[in-house]
Each structure stands twice: as structure tokens, then as C-alpha cells.
Amino acid sequence: MDRPGTAAWQASPVPHSATPSQPGAPGMIHAYAARRTAGRATRRQWDEMVGFHGRVRRGWRDLSAVAEDLGPLGLAAASAEASRLLIEDGVTYRPAGAAEEQTWGLDPLPVFLEEGEWAGLELSLAQRAELLDRLLADLYGARSTIRSGLLPPELVLGHPGFLRPWDRVVAPTGRQLFLAATDLARDSEGAWCVVADRVQAPSGAGYAMANRRVVSRVLPTLHQQAEIHRLGPFFHAMRLGLEHVAPATAEAPRIVLLTPGTQGETAYEQALLSVLLGHPLVRGEDLLVTGGRVWQRTLGRLEPVDVILRRVDSWYCDPLDLRPDSELGVAGLIEAARNGSVTVVNSLGAGVLENPALLPFLPALCAELLDEPLRLRSAPTWWCGRPADRSHVLANLDQLVIKPIARGFGRVTQLGWELPASGLAGVRERIQAEPWAWTGQEAVACSTTPSVVGDGLHPRDLVLRAFSVATAGGYQVMTGALARIGGRPVNPAGAAAAPMTKDVWIRNTRGAPVLAPWVREATPSQVVPLTLPPRVIENMFWLGRYAERAEDTARLLRAVLDRWGDFHGSPEPAGATALTALLGALTAVTATWPGFTGPDAAARSLDPAAELGSLILDDERQGSLAHAVRRLTEVAGEVREQLSTDTWLVLGSLEHELAKLGGPPAADRRPRGPDTATPTAIAKVMEGLLALSGLIAESLVRDAGWRFLELGRRIERACGVSALLREALGAEHDPATESLVLESVLIATESIITYRRRYAARAGVATALDLIVVDRENPRAIAYQLDRIGEALGRLPAEDEHSAALRERVAALRELLRGLDTAAVAATDE
């Protein structure tokens, strides 16, 4: 029978066309209920949508009706649309040990939970966060829980997450735990229990927001009509909470998010959090401890840092007091925190609370530290450091999840029922050798939820990750969660990553919450200046260079391919000579030697398909269009938090067009040559690059980062135009050939229309140089680039001998072009 409780969880029929309990009733929901029945022959398992009697639960009626209306093809299309949006938005995840990022997995159908049930969970989750905060403060303070015997000392002091250098470091507000994540699963009766606490540097909140954004676009009508809680208030609370934990001396707290970088598992989420919270994303190299406090390096100065929201594991945060080989942290961070000049959240050493062996002790700890019973139970867990618990674990090895008290150190979570006899014997030996290091946990049945798989809806095991954040008045719980789904009924607490996720919708009958305003009047001293680390500024410079390089390469390739299409099979000598000259210029401008130069140039020029294909599609070849696009995407990933979300839509389309042009990957990975589809594909790549240029021009604040991006673009364009003019127009040709080459150069530099209107009566190399070199009003001219470079340099704050020398050099070049005699430059002699 269904678990008794509030009316919200009583079974309720779906619309007549989808009532699964009717004999022979057609439809998605009926098929789903049948699959559930067939799949739980050996175990009782709660389902989020369908009760044990086969009827759809009340809160799921609208969602089940939508699934029924969509049908198999509609659901498959929704799933494909979700995947496409995730790719376009650049939502990625890097599993532990993986060489490359993977697209985030999202099932389009959300999980629906009733408001009444969630309200009880909120109270329980807030209490649990409060308990863990008190326990963390005690473990690094008086340690009364150990002295009184509530906790065995080896359980804490022997845990690798306990950091002795952090002992007695107290946060300004007294709270040691700022953000907590709790993994929840239902048992066979539908009751929630905790399978793990994540408080080291908890991840997932940003991904929950990313899921909500995608689902709202995949199912827009349902999302608009459903009465559900928004996720925004949680991030608003986080913003205010970070200000609240700042040292009392900080009038306008400077807050940063410390990241391990783009190679981390959750690099995308960290960049999204930076955007949602409005605080800069920094790495250890961007920070410096001097004079007893933490500073952020920025252009020409140091800015103080008051709060660090860390996403770097504790052991790597300070190479001076912790791991000396760490390149992710800040030397002296612990000492700065100890003297109260900076607040680090979550506190270093919070990882000691992720010890699963603490779970059986939490009820007694809650009674001691909070003077109230623990509201939310944990999955039954036994610590092998206690003889009775060890005996139970050893007697039931084949039925338990065997978990080490800490991840790593050569110890991994193992599922007892999946181990062969030899494996169980090995685990038994390890537990007997080091009992304090192991726990056994009962495998929670987990509830199931409908998920889109192939031809319809299939039940998948569900685990929720809920989030709590410290505020001035306590802990606020996100009214939503990150749902992780899997294909088999195992305890997922030890899994490195879930294979697929879902959005979680909580019914809202109370209306939008009243939020503390984030728009507040500020005195001039409270206005925090924009700060960018040198690392970000450097990447913005290269973002500009690679964006321009890709655009220039695409333009030149398009011009050359047009000439190849006109003359590669033609006996006309002028066209063939012009094509040879342009192919050689293409090699020189892209620096892809030998290409169409060298001893075999004639043969390659006669049959250039393979070389042109490589120049377009080989992303491992420096100078190719694909390489420029790949590097552009990689550099954009380094400064993701600086760019609008639309940027990833453009970058994703660029890579998609190139991948489509390349066709199925060949065994030898050699890209095929150009065909009739190539010009169209390059035109689409150009569209994307132009869209990116527009985004950069219209969506970025004109700060130091933008100015360095502008410098990168202008330098790259000036270099590209100079190289093209030198290589294409450096040799003398007959008038027919010169006309074709000059026309292609003007097309590649986007100047052909202006040139024809302005110089129709006196066309020639000299007039082309007038337009492409010295015309200060032509956005493609070298003189125009130098003017923009001079303006950008003039707006940068740094004033030292190097910047002064650079400004002088640019001024000299600008003066040189003002007096340039293009007719003399165009003349040829011996």
C-alpha cells in the first residue's frame, strides 16, 4: 500500500486517456506502470509518479498528461532538444580522471514534489546544517564531543580531512559551515533518509540552475503554468550570506570565488556561480598574502580580499601550512584567516564532516549540541572501529556498501553484492587490518522516477542533492534540488558522478518569498572597483586574437576557394597563375608551411583538395581554421565568467559546422578535401564569427579585460592584413593575373565594395594600399587598427617604462603611415 500521510501523496487518477489502472488502457503512463511492476519482482520500491496501486499521484497529473500528449516521438524530441541546448549553453562536466569535458546529462521531465512534504524536509535540512556547523566549530575548538566520549578521538583526529593547522581558527560570525549539500534517497516506504553529507566544497547548486533554465525552454508551457518555487532566492541568500560572513572591518566586502581552474570537474558550474553571485572567479596564482592579509592581483595594483568562497579542497588551499606541492592555493592563507583579515568558506577542514562513520553518532550529537532530536535519519551505517559494528559488517559484507571513512588513499567504495568471493575476502582482510578506516552502509532502495529512455518512459533510481546556505538568521534551503538518476538500484553515495540529472519542481502555493533587497544605496567608499587578475586579462587578449584569426582565416579561405572553383579546371593561364599566387599567400599568411610552397608546390597546387581540407578541418594543425576555432573555444572557457551565455551558443555552432563539414571521423583522422558543401559551411562559420564579434562589441563592459581583447583583435588584424599584402602583392604579375589577385585580396579584407565605388577609374595596387593600409576610416585598414590600439593603450591604468615605450612605438607607426607614399611602395624595380 501507499505510505499514509498528507493528502498530497494519496493516489489520484490521471486524465481518462492515461489512466493506467484501466485494463488494456493505451499510453505512455500505462506502459510505465507496467515496466515498474515487471522491474520490482524482487524488491519493493517507491515511485515518485505512480503509486503501488498503479495510479498517478496527484501532483504529477499535469506532468503525466504532458508526457502522454508528447508520446514516444515527442519525448525523444524533447530529450534531443535538451541535449542541444546544453551543448549550445556550454554546460559541461569533467568526470574524475577524464581527459576531456563531457556535455552535462539532463532528462527533460522534472521531478515533482509537493510543498507540504518539502516544507518538512526544509526544516530537517536546516537543522542538519546547524548541527554540522556546531560540530565543526567544536572539533576545531573545545572538542567537548570527544572529551565527553560522544565521539571516538580516532574517528576525528585520524581522519585525513581533519586539518591541525586550522585548529582554533574562528570565523567572524562564529559559523564555520557556510554551504552544505545533502544527498537524500527514499526507502521502500517512501521516507527520505540521508546517504551522504557534502561540505568540503559542495557542488551542484549551479547545475540545478542550469537544469532549470534548459527545462524551462524545452517545456515552456508547462513551466509557465506550473506553480513552482524559483531557484533565484537561494542565490540571492548566498550573495547576502557572503557579505554577512566578512570581517567586521570590511565596509564593502571584496568577495572572490577560488577555483582550481578549467581542468576541475565542475569548471562550468564555478563560472556560472561567479555570474549568479556577481563575484570574480580567481585561482591561487591570482591571490597574494602580504602584510597579514589576502590581496587580489589586478592590473597595476593589488586589491584587498575579505571573503573567499572556495571550490578547492582544503589540503590544496595553502602550500605553506598544508600540501607544499599544491599549485592551487595561496601561501599564508591559514595565517591570514587566523588573524581575522579574511574569511574562508566553507572553513578549511570542513571535509572531516564528510566521514560516513559520523552518521551513526549524529542522533546523540544532535541531542547534545542542539538539545533536540535529529529530524532526518541517515541510512543505517556501521563504523568498523567499534567491535559490535565490525562484527555486523563482516557478517553481512555481501549485502552492504563498504565505504572508507575518506575518499582516496587507496581506498574506494565497493558494493558487497557485486564482489566475487575473492573480492569479499580481500575487503574482509582490509577491514580487519585497519577497522577504523571502514564503514558498512545499508543499500537504500531509492525511489524511481520516470525518465525518457529510447521508446518511452522508464523508471530510474533517484537521489536528490539538496542545498542549505548560512544567512544572518540561520540556514536557508534551496526550494529545489539537483536530482541524479541511475539505471540500477544501488546506493549512489560513493559514485563520482551521476550519469543523468533532472530538474526538481516544488509546488508553490505561498507566492514568491519576500527577499532582502540587493539594490541598496552605497557611499562612494562602498563601491567596489572591477578587478581582473592578470591571468584573465591575458586570456582576454588571446580571445581577441583567436577570434580575429579565425575570422581572417575564414575570409581568406573563402576567397581562395572561390578562385579554386573558378579556375582549378580551367585552361586560362591568368586564372591558374592567380590561383597559384593565392595558394602560396594562403600558406604564408596561415604559417602552415610547406603547404603550397617549396619543392612540391606545383604538384600540390594542381591538386590542392587535401591541403585545403587540412587548412579548414585539422584542429591539430596550427594555422588552420579548425585550430583557431578550437583555441578560441578553449580560451573562452578560461574566462567563461566574463562572457554572456549567448557566446556559447555561437561557439557551439562554430564547432558543429566544422564537425559536420568534416563528416564521419576516418580511421587515419585525415580530413577530407573541400567539396560543394564547403563554401556554404565556411559561410556559416563566418556568420557565427560575425555574431561573436557583435556580442563582444555590444555585451562586454569596457574594462581592462575588454581593452586587452580589443588590443588582441587589432594586433591580429593588422598582422594578418600586412602578411596578406606582402605575400599576395609582393610579386609582379601580368595585368590579368594582377587584377584577379588584387580582387581576391580586397574580398578577403572586406573592402571590395568601397574600392569599386571609390577607385573605379584608377584601380591598381597603389589605390588598394590607400584603402587597406592608410585609410583611417576603413575598419580593415592597418592605420585604423593602429588608431584603435593607441586608444586602448591610452585607457589602460598601468604607467611604467614598458607601457610608455609601447605607446611611443605605436605613435611612431601611426606617424609613419600618415606620411606613407603608397604609389612609391607599389612601384616595382630590380
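Anyway, here's the lowdown on the structure attached to this text.

1. Thoughts on the sheet that holds strand E14 (residues 400-404)
Through backbone hydrogen bonds, the strands of a sheet pair up, either in parallel or in antiparallel fashion. As summarised here, the arrangement of the four strands in space is E13-E16-E14-E15, forming an open sheet in which the pairing is antiparallel. Sheet topology places strand E13 (381-383) and strand E15 (414-415) at the edges, where each strand pairs with a single neighbour. Sheet analysis places E14 next to E15, joined by two bridges and oriented antiparallel. Directly across from Val 401, in E15, lies its bridge partner Leu 415. Across the face of the sheet, helix H12 (residues 387-395) comes into contact with E13, E14 and strand E16 (438-442) while running at roughly 120° to E13.

2. Details of the pattern of salt bridges
Tallied over the entire structure, the rule returns 56 salt bridges. The salt bridge involving Arg 780 is made with Glu 548; its shortest N-O contact spans 3.5 Å. Of this pair, Arg 780 sits in the loop between helix H24 (765-774) and helix H25 (782-795) while Glu 548 sits in helix H14 (residues 534-567), and the two are 232 residues apart along the sequence. Each member of the salt-bridge network shares a partner with another, and the members are Glu 548, Glu 551, Asp 552, Arg 555, Arg 713, Arg 717, Glu 750 and Arg 780.

3. A word on the environment of Ile 29
Relative to the elements of secondary structure, Ile 29 occurs in helix H1 (residues 28-39). Spatially, the C-alpha atom of Ile 29 lies 8.7 Å from that of Ala 65, the residues being 36 residues apart in sequence.

4. Topic: the pairing of E16
The buried fraction of E16 is high, at four of five residues. Taken together, the three bridges between E13 and E16 define a ladder with antiparallel strand orientation. Its bridge partner lying in E16, Trp 383 is registered against Thr 439. As paired strands, E14 and E16 are joined by five bridges and run antiparallel to one another. Bridge pairing in E16 places Ile 402 opposite Gly 440.

Calculation notes
- Residues numbered from 1 in each chain as written.
- Predicted model: local features only at pLDDT ≥ 70, side-chain atom pairs only at ≥ 80, totals over all residues.
- Heavy atoms only, no water.
- Pairing = 2+ DSSP bridges.
- Helix = DSSP H or I, 4+ residues; strand = E, 2+ residues; numbered from the N terminus.
- Contact = heavy atoms within 4.5 Å.
- Axes fitted to C-alpha atoms, helices over the stretch in contact; angles between N-to-C directions.
- Salt bridge = Lys/Arg side-chain N within 4 Å of Asp/Glu carboxyl O.
- Buried < 20%, exposed > 50% of the residue type's maximum accessible area, 1.4 Å probe, protein only.

As far as function goes, none of this settles anything; it's purely spatial.
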